[in-house]
Amino acid sequence: MSLPFLSRLAMGAAAALIAAVPVPAVASAGQGAWPARVTAPRGAPNVLLIMTDDVGFGASSAYGGPIATPVFDALARGGARYNNFNTTALCSPTRASLLTGRDPHNVNMGNVTNMPTGFEGYTTAIPRSAATVARILRDGGYSTAMFGKSHLTPDWELSADGPFDRWPTGLGFDYFYGFLSADTNQTAPNLYENTRPIAPPDEPGYLLDTDLADRAIGWISAQHAAAPGKPFFVYYAPGTAHSPHTAPAEWLRRYRGAFDQGWDKVREETFARQKALGIIPADAALAARPPGIPAWDSLTPDQKRLSARMMEAYAASLAYCDAQIGRVIEHLRRTGQLADTMIVFLQGDNGGSAEGGPMGMIFEQTAVLGSEEDPADQMRRIDDIGTGRAYTMYPAGWGWAMNAPFPWYKQVASHAGGTRNGLVIAWPGHVAAPETVRGQYAHVSDIVPTILSATGVAAPKTVDGVAQQPFDGISLAYTLDRPTAPARRRTQVYEMMENFGIYRDGWFAGSTPKRYAWQFATRESLADPQNRDRHWELYDLRTDFSQTRDLAAAQPAKLKALQALFWKQAARNHILPIHDYKLGAEGRPTLNAGRDVFTYTAPVSRVPYAAAPPTTGRSFTIEADVTLPADGGRGVLLAAGGRFGGHAFFLDDGRPAFHVNAVGPHQYELIARDRLSPGRHRLAARFVADDATPGSGGVMLLLVDGVEVARGRADRVFHGWLQNTEGFDIGEDTLTPVSPRYDVAGSRFTGTIEQVVVRLDSAP
């Protein structure tokens, strides 16, 4: 019997067996089990959500301010412009409320992510029960992307260890390009793409604002090419005009001399323009200068010159940012997408900032150092203002002036200077009477319901099996075609940095600010965390638009009723106990719990502060086991921070060096006299603090193979975090150099690192 014949027998048997098995009916064409693609509702518009940073109500020209913002102005002329829109008075809380549609304490964002406490409402961990508008729209058929500042991830979740569910890509964004912290260097930003740290482009004259516009245009182009019928949601959140205030030289020149008249006069001029434009009522009054801010005429000529230059940089940075936003909008116009795009533009996440103090700062990090800048050194550095060599915070007087006509400034949720911001909604064919300013009382939590109403995407009852909290926001869609419709919001509660208040049907009652924005909290201020002894103020906003007439003494019954409503709302919205950020921080999650030895066996870069060795207020030793080349080697062994504060252990042409950078003129450097021989060595840098308290100075030491080779002193170090804008590196120094003895491009260590060990000697 041949093999082919056996094969035919086997095939026949198999065929008979198959024939005996019942065969289900074959599905007809079009009834397969392919996964379904979610599509957005028919006619759903693109949504471009824009929010700038630290821009007060009276800063932009669209609201009568001194800073030219032609792109924002054009949107305002053709869209709905609001004069009674309110934020939370601080960065992270406003951003959380903007994206979730809930009041900040209801999503645990009662303060910025840098200052969490363990009380409910203040942990800074957004719960899964509050899905963002990005997640809702993505599930509803949108492509989603975010560009710029996040500031929504708890500090202890910022490392490569994650978790990443509270990073932008975990909050519903398909794509993220930007930074995660409160601010960043515009010329050397601490950038992330999705969850990966990346170096900024190596380009002459690089600025983050330009890069963000480039990236947004590129993403929109790619998305439209791949799925032209699919709408997008883009959240565009530049860090401008938060410090540092940086702009191209030609834009800085545009504002040279524009603020020589000072903040008192600029505020008066803005007030007059606001009335002429109809932005504020004709009977509105200009709120007085608050305590702690000096009159412009009381400054010395040098103080005036320095202060005006700082304001020029702020103005140039906001104007340049406006132009970059204009590039994104022009791309939409040129590609035919603008007619199908709803633009929601919040000019600021809170009022203008007073955190620079009475005289401003060349370096924002001076506040973290816990010291004041020397006026003579400030004047020597005046030409650095507006460039990557400075990290400027303008004087408090300018922050107050940018909030005209309202009192106070950022951090103060009890007054409109902290919470009132410009809002424009532009949507072709959907805005009636754009010349009419909308006066309905509104809150940042209203933006999510407004967007969902426009897109037709329903708010889900559950997301990933988790029941969703109800929105606190109220859609503003009713104001688009009815500009004078009665306001639908009757009540809004506020609390930020122990400044609190309640709005109810045109009345507002709130606390007198407890401390100046530039002052750190102290435990002595916590004797009464419920704030029972605070002074309250009362305003009838129906007749007093800008909070200038305190009626607390004249109407005690009204004040008492609003106080009772506040405490009821505070309890309902997770605001209690009202406390300063120094209370309740014990037990804060950290990757460093129980660790006093940190070992690195390979180069690493951009480790965030929360995951790096916590050297603040401690004695510490850095030990490096290395093999050196014939020339003795050069480059960085360890760097924490950068140009604006930190410390570095490195080899300078074969000589061990230890540099402590306490910002500006406070530089402390130790360099060994002799070059090292080739081969293996154990090198060490040691800092011995005078005492175990944050900010303590101490002795600096260098050792080679156990032998001391140099000794010096650092009179001051940081008393707070020191890598707030950069990170921790082994084997190189990224972004900006800690020491001027090397540059970033040449900082890579030329020898071989076997291991670097950081040992912490004492706890703060």
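Keep in mind that what you see is a predicted model, and the values were worked out from it rather than measured.

1. Thoughts on the overall build of the chain
Stage number 1. A count of helices and strands for the chain gives 15 helices and 29 strands.
Stage number 2. By the compact-globule yardstick of 27 Å for 764 residues, the chain fits well, its C-alpha radius of gyration being 29 Å.
Stage number 3. With the C-alpha coordinates aligned to their principal axes, the bounding extent of the chain is approximately 110 × 90 × 50 Å.
Stage number 4. For the chain, the residues scored as buried account for 60% of the 764 residues in total.
Stage number 5. Summed over its atoms, the accessible surface of the chain is roughly 28,900 Å², and 54% of this surface lies on carbon and sulfur atoms.
Stage number 6. Side-chain charges of the chain comprise 71 positive and 76 negative groups, with the mean position of each set lying 6 Å from the other.

2. Observations regarding the pattern of salt bridges
Note on pairing: side chains with opposite charge can pair once their charged atoms come close.
Stage number 1. In this structure the tally under the stated criterion is 41 salt bridges.
Stage number 2. Where D761 meets R686, a salt bridge forms, and the shortest distance between an N and an O atom there is 2.4 Å. You can see D761 sitting in the segment after β29 (752-760) and its partner R686 sitting in strand β25 (residues 679-689), a full 75 residues away along the chain.
Stage number 3. Through salt bridges with shared partners, a single network forms among D53, R95, K149 and D349.

3. A word on the nonpolar core
Stage number 1. In this structure, I67, Y314, W398, M402 and F658 are the most contacted members of the largest nonpolar core, which totals 87 residues.
Stage number 2. Membership of the second largest hydrophobic core comes to 51 residues, among which are L98, W167, L180 and I425.

4. What to know about the sheet that holds strand β22 (residues 645-652)
Stage number 1. Spatially, β19-β28-β21-β22-β23-β24 is the arrangement adopted by the six strands of the open sheet, whose pairing is antiparallel. Looking along the sheet, the strands with just one partner apiece sit at the ends: β19 (604-607) and β24 (667-671). Direction aside, neighbouring strands of the sheet carry axes that sit 10 degrees apart on average.
Stage number 2. Pairing of strand β21 (residues 635-642) with strand β28 (residues 728-730), which is carried by three bridges, proceeds in the antiparallel orientation. Across the sheet, residue L638 finds its bridge partner in β28, namely I730.

5. Overview of helix α3 (residues 91-100)
Stage number 1. Among the ten residues that make up α3, ten are buried, leaving the element largely enclosed by the rest of the structure.
Stage number 2. Looking only at α3, the buried set comprises C91, S92, P93, T94, R95, A96, S97, L98, L99 and T100.
Stage number 3. One or two steps after α3, the chain reaches G101, where phi turns positive at roughly 75 degrees.

Basis of the calculations
- Residues numbered from 1 in each chain as written.
- Predicted model: local features only at pLDDT ≥ 70, side-chain atom pairs only at ≥ 80, totals over all residues.
- Heavy atoms only, no water.
- Helix = DSSP H or I, 4+ residues; strand = E, 2+ residues; numbered from the N terminus.
- Rg over C-alpha atoms; globule rule 2.2 N^0.38 Å.
- Buried < 20%, exposed > 50% of the residue type's maximum accessible area, 1.4 Å probe, protein only.
- Areas by Shrake-Rupley, 256 points an atom, 1.4 Å probe, with all protein chains shown as cover.
- Lys, Arg positive; Asp, Glu negative; His and termini not counted.
- Charge placed at Lys NZ, Arg CZ, Asp CG, Glu CD.
- Salt bridge = Lys/Arg side-chain N within 4 Å of Asp/Glu carboxyl O.
- Core = buried A, V, L, I, M, F, W, Y, C linked by side-chain atoms within 4.5 Å.
- Pairing = 2+ DSSP bridges.
- Axes fitted to C-alpha atoms, helices over the stretch in contact; angles between N-to-C directions.

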